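Listed below, chain by chain, are the residues.
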Amino acid sequence: MSPVSTEFANSCLVITVDHPPVNALSHSVRLGLIEALSQADHDDINTVILICAGRTFFSGADISEFGKPPKSPGLSDVIKALEECPKPVVAAIHGQALGGGFEVALACDYRIMEASARIGLPEVNLGLIPGAGGTQRASRIAGLDIAMELAVGGKPISAERALQVGLCDEIAHKDLYESALGFSHHGELQKRVIGKMDPAEIDEAASRKWRTYATKRQKGQKAPLAAIEAIEASCELTIEEGLKRERELFVDLMSGSQSSAMRHLFFAERLSGKLANPVKAKPLDLKQIGVVGAGTMGVGIAASMLAAGYDVFLFDVNKDALSVGHGRIKAIVDGDLKKGRIAGPVHDDRLKRLQVADAWQGLSTCDLVVEAVFEDIDIKHKVFAELDEVLRPDAILASNTSYLDIDALAAQSKHPERVLGLHFFSPAHIMKLLEIVRGEKTSDAVLVTALGLAKRMKKISVVCGVCHGFIGNRMLTGYAREAGLLLLEGASPSQIDKALTDFGMPMGPFAMSDMAGLDIGYANRKKLSTDQYEEHAFRVHDQLVEMGRKGQKTDAGFYRYEAGSRTPILDAATDDIITAVRTREGVTPRKITDQEIIDRCILALINEGALLLDEGIAQRGSDIDVVYANGYGFPRWRGGPFCYADEQGLETIVARIEHFSEQHGNRWWHVSPLLKSLAETGGSLSKHVQT
Ligand code: COA
């Protein structure tokens, strides 16, 4: 059955599209729209209304069709049919009109929107630009600055803003369908084809502003610059020439590796929250969430639980910490109000749902408790033992540990089946990633409840098994080790940091260590035996800490910092310390290329990822890409470490690792057997699913 239906109402042809889940403009929709529009010729029809059923207007072109041979009619044919339709067409928008969906709306003569609806051109987030006239038409109506905000910034705008800038003609304050019918009878609506409007005016200030934005905020990405070029072309070229230029840029991006990597992440992020082997268990009801520990993590977790609509009980044994934590949660909620992210009643409701107390007993009514106390196994064991006494036997008990053994924590409970890890990333109310750690005894019901919780919190969740550091932090150990060894062998902290930021990482490993505090890693290493890590890689780190250089907090670490500033400044004193450590270690420094830095750090990440995938710690290769893109700033346009490995060729990756093994010994450089076998059979790491 066609997803497109038509009816006649008050001299209007109403075209309704119902193509769940999000009304993507798939082939069947395009076909149906062209057929439906052919009915507009009828003499009794004055106006056409285009409306969607379900949760949203068109969410865009069907991304699953990208990269496949095009199927006629294409989106441009639909747009042509709308512009050439003899009667004025009104787009009635609810939910979101995104990408191709908004381009369809722009090909209509008028746009009416529900107050909560949004419009946008987010293709840049998929490494693309609009390919069906979005850059040419948006600028003709709203000018260059707004067109660039939409297509370069990639963030949707509200109905109110769309009305202000001329992209929306009316906001529907009652039922959308009725409003659209009413709008169509406002008077005699005339055809108003945007494509026939005068070109946009040149706006050099806007071009400069968005070029700076793209260079700084979207470093390394091709699509934002292409979007600027296409929008600038809309001032200089006729609509036909402008559309041709836009199409050329679009096609070029579509066939490139950046877009394919970003599209991989789009689907990977939606897959990671699903179990590779689905279970029958039903999720448990969650109403009240307890958070134990009012430090930075506890505060962020509590704030995001409130935002997701849960009642929250924040507990800390320390009254002062509790009061500070309470104040910080309030500041986060107040900040959301001030920034216009939430309205007054939502703000008040969030604060009303928050309780704080320093008595364990208050946690007894909670359905789930997340422990976010200091990362020390003894402290966590004590907290788990206390919680086990206080909580209902069916309440879920989660630890926010970033490294520790969930099974050992579960052993503290009389009900180990209710225990799991919920590893939030800091700051927890901002970072989207959540590692859901399934212990050996975690029940299916507890697991699916956690997946539902993550969805409601709008987090990107990834399920993983128990190991030291789970997916993300375990992989990071190899990366940090190689950075440390490269430093000892002759590279400087700034060379290593720059090579990796040029690769696309948001920060280099040494600037990152300074930010996190060198003393934290130092204390953690003291708890490990030397067969668990490479001591030599951290000789300089240790020396710095022992000299009181703990990073930003002491204004000196690998770099120097001016008081109150976080900008790293090169420090000759660090060079002297490194030289002294090299001499002590008997190392003669050698020249190291940037490529070697990238290869050793990134390949260590990939190989460790392949090992843990093989062990079943991760469910699928794409989950590893999701973790790195969302928790560690791995450049999205490279699609994550595994997508990057596939792009480079797994045979090349294996050969390089074997070379490192020959050069540096095989203590750490063992090629993962999974990686090796995928390389031999022409398989893919990012598409691999663990069976
Ligand atoms: N094409 C194909 N499938 C799409 C899609 C698109 N444009 N947009 C969403 N989907 C699919 C998702 O893959 C998901 O599939 P799944 O249920 O099998 O996992 C499903 O629709 C629901 O999407 P989801 O993102 O989970 O729903 P949401 O309500 O959180 O968000 C949107 C809805 C529309 C805001 C979001 O999906 C989105 O941003 N889509 C992409 C929009 C875009 O970039 N358009 C430009 C393309 S030209």
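With 16 residues, helix α10 (residues 239–254) extends 22 Å between its outermost C-alpha atoms, agreeing within 8% with the 22 Å of an ideal straight helix rising 1.5 Å per residue. Of all the positions in α10, only Ile-239, Gly-242, Glu-246, Leu-249, Phe-250, Leu-253 and Met-254 are classed as buried. Down the axis of α10, the buried side of the element spans an arc of 135 degrees, and every buried residue falls inside it. Facing away from the buried side of α10 by more than 90 degrees, the exposed set consists of Glu-240, Lys-244 and Asp-252. Of the surrounding elements, those touching the buried residues of α10 are α3 (100–107), α4 (134–142), α9 (223–236) and α11 (257–271).

Mapping Pro-416 onto the fold places it in the loop between α16 (406–410) and β17 (419–424). In this structure, the C-alpha to C-alpha distance between Pro-416 and Ala-580, residues 164 residues apart in sequence, is 50 Å.

Right, let's get into the site of the ligand. In the vicinity of the ligand lie 20 residues, with Arg-55, Ala-61, Ile-63, Arg-270 and Lys-274 positioned nearest. At a separation of 2.9 Å, a nitrogen atom of the ligand approaches a polar backbone atom of Ala-61. The fraction of the free accessible surface of the ligand (860 Å²) that becomes covered by protein chains is 70%. Only β5 (60–61), β7 (96–98) and α11 provide two or more residues apiece to the shell around the ligand.

Among the nonpolar cores identified, the biggest contains 90 residues, and Leu-363 and Ile-471 are the most heavily contacted of them. Sorting elements by how many residues they give to this core places helix α24 (residues 594–614) first, with 11 residues. Contact partners of Leu-363, with chain neighbours within four places excluded, come to Gly-290, Val-292, Phe-313, Phe-315, Val-369, Leu-387, Val-390 and Leu-391. Formed by 75 residues, the second largest nonpolar core is a distinct cluster that contains Leu-106, Val-152, Ile-157 and Ile-231.

This part is about the packing of α24 against helix α25 (residues 621–631). The N-to-C vectors of α24 and α25 enclose an angle of 135 degrees; their axes lie 10 Å apart at closest approach. Between α24 and α25, the angle is such that the two are oblique. Helix-helix and strand crossings are classified by hand; for α24 and α25 the assignment is right-handed. For the pair α24 and α25, contact is made by Leu-605, Gly-609, Leu-612 and Leu-613 and by Gly-621, Ile-624 and Tyr-628, respectively. Across the contact of α24 with α25, the residue classes tally to 5 nonpolar, 2 polar and no charged.

So, about the sheet that holds strand β1 (residues 4–9). Taken together, the 6 strands give an open sheet; going across it, the order is β1-β2-β4-β6-β8-β11, and neighbouring strands pair in mixed fashion. Only two strands of the sheet have a single partner each, and these edge strands are β1 and β11 (170–172). Neighbour-to-neighbour, the strand axes of the sheet open up by a mean angle of 25 degrees, direction not taken into account. Direction of pairing for strand β6 (residues 89–93) relative to strand β8 (residues 110–114): parallel, over a ladder of 4 bridges.

Here is what the cut-offs are and how they apply
Residues numbered from 1 in each chain as written. Predicted model: local features only at pLDDT ≥ 70, side-chain atom pairs only at ≥ 80, totals over all residues. Heavy atoms only, no water. Helix = DSSP H or I, 4+ residues; strand = E, 2+ residues; numbered from the N terminus. Expected span 1.5 Å × (residues − 1). Buried < 20%, exposed > 50% of the residue type's maximum accessible area, 1.4 Å probe, protein only. Arc of directions from axis to C-beta. Contact = heavy atoms within 4.5 Å. Near = heavy atom within 4 Å. Polar contact = N/O pair within 3.5 Å; in protein donor to acceptor, adjacent residues only side chain to side chain. Areas by Shrake-Rupley, 256 points an atom, 1.4 Å probe, with all protein chains shown as cover. Core = buried A, V, L, I, M, F, W, Y, C linked by side-chain atoms within 4.5 Å. Axes fitted to C-alpha atoms, helices over the stretch in contact; angles between N-to-C directions. Parallel < 35°, antiparallel > 145°, perpendicular 65-115°, else oblique. Left-handed = near helix turned anticlockwise from the far one by under 90°. Nonpolar A, V, L, I, M, F, W, Y, C, P; charged D, E, K, R; others polar. Pairing = 2+ DSSP bridges.

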